[in-house]
Amino acid sequence: MIVAGQLLIDGGDGHSILRPGFVRVDDGRIAEVIEGEIPRVADVGGEGFLVSPGFIDAHLHLPQFDMIGAHGMPLLRWLSDITFPSEMKWAEESYARDMTKRACSQLLSKGTTAIAAYATVHHRGARAALDVASSIGMRGVIGQVLMDREAPPELCGTVDRLLDEAKQLGESYPATERMAAAITPRFAISCSEELLDGAGRLAAEQGAMVQTHLAETQNECSVVEQLFDGRRYVDVYDSAGLLGERSILGHGIHLARSDLIRLASRRSVIAHCPTANTFLRSGAMNRSEWIDASVRLAVGSDIGAGYERSMVRVARATIETASAIGDDFPDAAAAWHGITAGNADALGWTDAGRLKVGSPADLLVIEPTIPWLGPMVDPLATLLWAWDDRWLKRTMLRGQFVD
Ligand code: GUN
Ligand code: ZN
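Residues take numbers from 1 onward in each chain, read along the sequence in its written order. Here every chain gets a letter starting at A, and every ligand a number starting at 1, in the order they are written. Given that this is a predicted model, residues contribute local features only at a pLDDT of at least 70 and side-chain atom pairs are listed and counted only at 80 or more, while totals for whole chains, interfaces and linings are drawn from all residues. As a convention, hydrogens and water are excluded, and side-chain values are obtained from all of the structure's heavy atoms.

Caption draft 1: How the structure looks around the coordination of the zinc ion (ligand 2). Protein coordination at the zinc ion (ligand 2) comes from His-59 (NE2), His-61 (NE2), His-213 (NE2) and Asp-302 (OD), with a distance range of 2.0 to 2.3 Å. Counting residues between consecutive donors of the zinc ion (ligand 2) along the chain gives the motif H-x1-H-x151-H-x88-D. For the residue pair His-59 and His-61, the accessibility class agrees, reading buried in each case. Here the term donor refers to an N, O or S atom within 2.8 Å of the metal (or 3.2 Å for Na, K and Ca), and because water is left out of the atoms, sites may appear incomplete. Only protein chains enter the calculation, and the probe is 1.4 Å; a residue is then buried if its accessible area is under 20% of its type maximum, exposed if over 50%, and partly exposed in between.

Caption draft 2: Summary view of the sheet that holds strand β12 (residues 247-251). When DSSP locates at least two bridges between a pair of strands, those strands are taken to pair. Put simply, DSSP marks the helices as runs of H or I at least four residues long and the strands as runs of E at least two long, and each gets a number from the N terminus on. The 4 strands are arranged β11-β12-β13-β14 in an open sheet whose pairing can be described as parallel. In this open sheet, the two edge strands, each paired with only one partner strand, are β11 (210-214) and β14 (296-299). Taken over all neighbouring pairs, the strand axes of this sheet differ in orientation by 30° on average, direction set aside. Two strands pair when backbone bridges link them, and β12 and strand β13 (residues 269-272) are joined in this way by 3 bridges, in the parallel orientation. Following the sheet pairing, Leu-249 is matched in β13 by Ile-270. Angles shown run from 0 to 180 degrees and are taken between the N-to-C directions of axes, each axis being a line fitted to C-alpha atoms and, for helices, limited to the stretch in contact.

Caption draft 3: View of the sheet that holds strand β9 (residues 179-181). What the 4 strands build is an open sheet, ordered β5-β6-β7-β9; its pairing is parallel. Here the strands that pair on one side only, and so sit at the sheet edges, are β5 (55-61) and β9. Geometrically, the sheet is characterised by an average inter-axis angle of 20° between neighbouring strands, direction not taken into account. Bridge count between strand β6 (residues 112-118) and strand β7 (residues 139-143): 5 bridges; the pairing is parallel. Note on β7: the bridge partner recorded for Tyr-118 is Gly-143.

Caption draft 4: Broad picture of the site of ligand 1. If even one non-hydrogen atom of a residue comes within 4 Å of a molecule or strand, that residue is called near it. In the vicinity of ligand 1, the contacting residues are His-61, Gln-64, Leu-75, Trp-78, Leu-79, Arg-186, Phe-187, His-213, Glu-216, His-251, Asp-302 and Ala-305. Between ligand 1 and Gln-64 there is a distance of 3.0 Å, counted from an oxygen atom to a side-chain nitrogen or oxygen. Pairs of N or O atoms are called polar contacts if they sit within 3.5 Å, as long as, within protein, a hydrogen donor faces a hydrogen acceptor (for residues adjacent in sequence, only side-chain-to-side-chain pairs). For ligand 1, a nitrogen atom lies 2.7 Å from a polar atom in the side chain of Asp-302. Reported accessibility uses the Shrake-Rupley method at a 1.4 Å probe radius. Residues are deemed covered only where the shown protein chains occlude them. Coverage of ligand 1 by the protein chains reaches 100% of its 280 Å² of free accessible surface. The element contributing the most residues to the shell around ligand 1 is helix α1 (residues 75-88), with 3 residues. Three categories are distinguished: nonpolar for Ala, Val, Leu, Ile, Met, Phe, Trp, Tyr, Cys and Pro, charged for Asp, Glu, Lys and Arg, and polar for the others, with Gly belonging to the last. In terms of residue class, the shell around ligand 1 is made up of 5 nonpolar, 4 polar and 3 charged.

Caption draft 5: Looking closely at the state of the cysteines. We call a pair of cysteine sulfur atoms a disulfide whenever their separation is within 2.5 Å. The full count for this structure, using the stated rule, is 0 disulfides. Free cysteine Cys-191: the closest other cysteine sulfur is in Cys-156, separated by 9.1 Å. For Cys-191, a relative accessible area of 0% puts it in the buried group. Cys-221 carries a free sulfur, and the closest cysteine sulfur to it, the one in Cys-273, is 15 Å from it.

Caption draft 6: Inspection of helix α11 (residues 311-325) at higher detail. To estimate how far a helix should reach, multiply one less than its number of residues by 1.5 Å. Taking 1.5 Å per residue, 15 residues should reach 21 Å; α11 reaches 21 Å between its end C-alpha atoms and fits that length. Among the residues making up α11, those that are buried are Met-311, Val-312, Val-314, Ala-315, Arg-316, Ala-317, Thr-318, Ile-319, Thr-321 and Ala-322. One side-chain oxygen of the residue at the start of α11 lies 3.2 Å from the amide nitrogen of Val-312, identifying that residue as Ser-310.

Caption draft 7: The pattern of salt bridges, seen in detail. Just to be clear on terms, a salt bridge is a Lys or Arg side-chain nitrogen sitting within 4 Å of an Asp or Glu carboxyl oxygen. For the structure shown, the criterion picks out 22 salt bridges. Note that Arg-97 is salt-bridged to Glu-93, the shortest N-O span being 3.2 Å. One end of the pair is Arg-97 and the other is Glu-93, both in helix α2 (residues 93-109) and 4 residues apart, which spans about a single turn. Among the salt bridges present, the one from Asp-362 reaches Arg-178, with a minimum N-O distance of 3.1 Å. Of this pair, Asp-362 sits in the loop between α12 (332-347) and β15 (363-366) while Arg-178 sits in the loop between α4 (159-172) and β9; the two residues are 184 residues apart in sequence, bridging distant segments of the chain. Residue classification places Asp-362 among the buried positions, given a relative accessible area of 7%. A residue is classified by how much of its surface remains accessible, and Arg-178, at 17% relative accessible area, is buried. It is possible to trace a salt-bridge network through shared partners that takes in Lys-110, Glu-308, Arg-313 and Asp-389.

What follows is the structure, given as C-alpha cells:
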C-alpha cells in the first residue's frame, strides 16, 4: 500500500521536518520511505496530506478517562475525592476491559498509537488492560499500580502479593513485547519503603520499564519528607533502585539543582505533563533549566488530571507553559518532534515515533482543511496552532486501518 503526502520526518536535531514523498507499507511494516515527490497515484493520501508517525503519549492513566474535568482541587484532595473512588471500579474485571477498549478507541481517534499507561492496583483489571491494548495492536507499556498505604484499603495490597502479581504480569508481558508490563509504584506517598525496594528489584530482574510520579506539588514533596525521615524525594527513589534509564517519572516540577544532577546521572526520564500541571495548579516545570541540566524529557497527557487527549494539543501546551515562564521555549518543529521521535527515544522504543523502514506501520494520514503549505507561515507551526482533530482521516496500526 502506498501512503503519500508531506512526510513528518525526524530532522535529527530535536526537530521534525516535512518532506514530500511516500511510505510503502507491506505486511504490517514500513517497507520503503521515499522522499522527493508526492506520487500522483496513491492508495491513501496525496497532495495536501500530512503523513505522520503515530503519536506517543508518555504518561496517562487508563482508568481516569471518565473523570476528566474534576477541576478546582489540589493533587492530594483530587486523588482522595475523585481519583481513588473512580479507580475502585476496576475491581470488576469486565469494567476494566470495557474501559480500556473505550480509552484506546479515544486515543486512536486522536492519533495516539503508543502509550506508557497506568492501570489500577487491581491485578485482573491490569491484566485485562494489557490483553485489550495488545489485541488492538497498540504499542507501549501498562502497569499494575502498586500501593500499600495512604489510600482506601480497597486500593492497597500487601507488599508480597503486589510484587508477586507484578512479577506475573511481567512474565506474561515481558519488556521485549510490543505491549509490555511496566513496574508502576504510584508515588512515594502511597508506597512503603519495602514496596519501593521490591519494585526496584523486580524492575531490574525483569528489565522492565518503571513508571511513577515525582515532585508534582510542593505539598506532596513535604509529605514525602515527613514519611521518609526528612530524605529528599529523589533519594527515596534512588535508594530503592528506581532511577534508571528506563524510569519514566511523571511531572518532576519541584526539584533542586542537586536533584536534576542526580536524575541526569541516572539517565532517568521526566514525563512533562503541562496540561495536568495547569489543571491541578501544581506549578510549571522549567523545561529549559531541566534541559540545561541534561535531564532527559518526554511529554505526556496525564489523563485524567490532564484534560487533553490529543498529543498535538499537549505539545502545544509545552510551548505555552515554557513561554509563560521564560523566553526559552520550543518551536513548533521541536513540539512535533517531542510527541513522535522525541518520546520514542525517551522511552527507548526504536520501533515507534519515526517513519522508518522495518518498523511496524503505525501511521496517521492527516488532511488539513486550511491552506498550510503557503509561504507566509511555517507549515509545522500552522498545523500545530490551528490543529483540528477532524483533519485526522485514518489511523493505521501495524499496517491496518483501525477506523
Ligand atoms: N500522583 C499520584 N497519583 C497520581 C495520579 O493519578 N495523577 C497525577 N496527576 N498525579 C498523581
Ligand atoms: Zn499521572
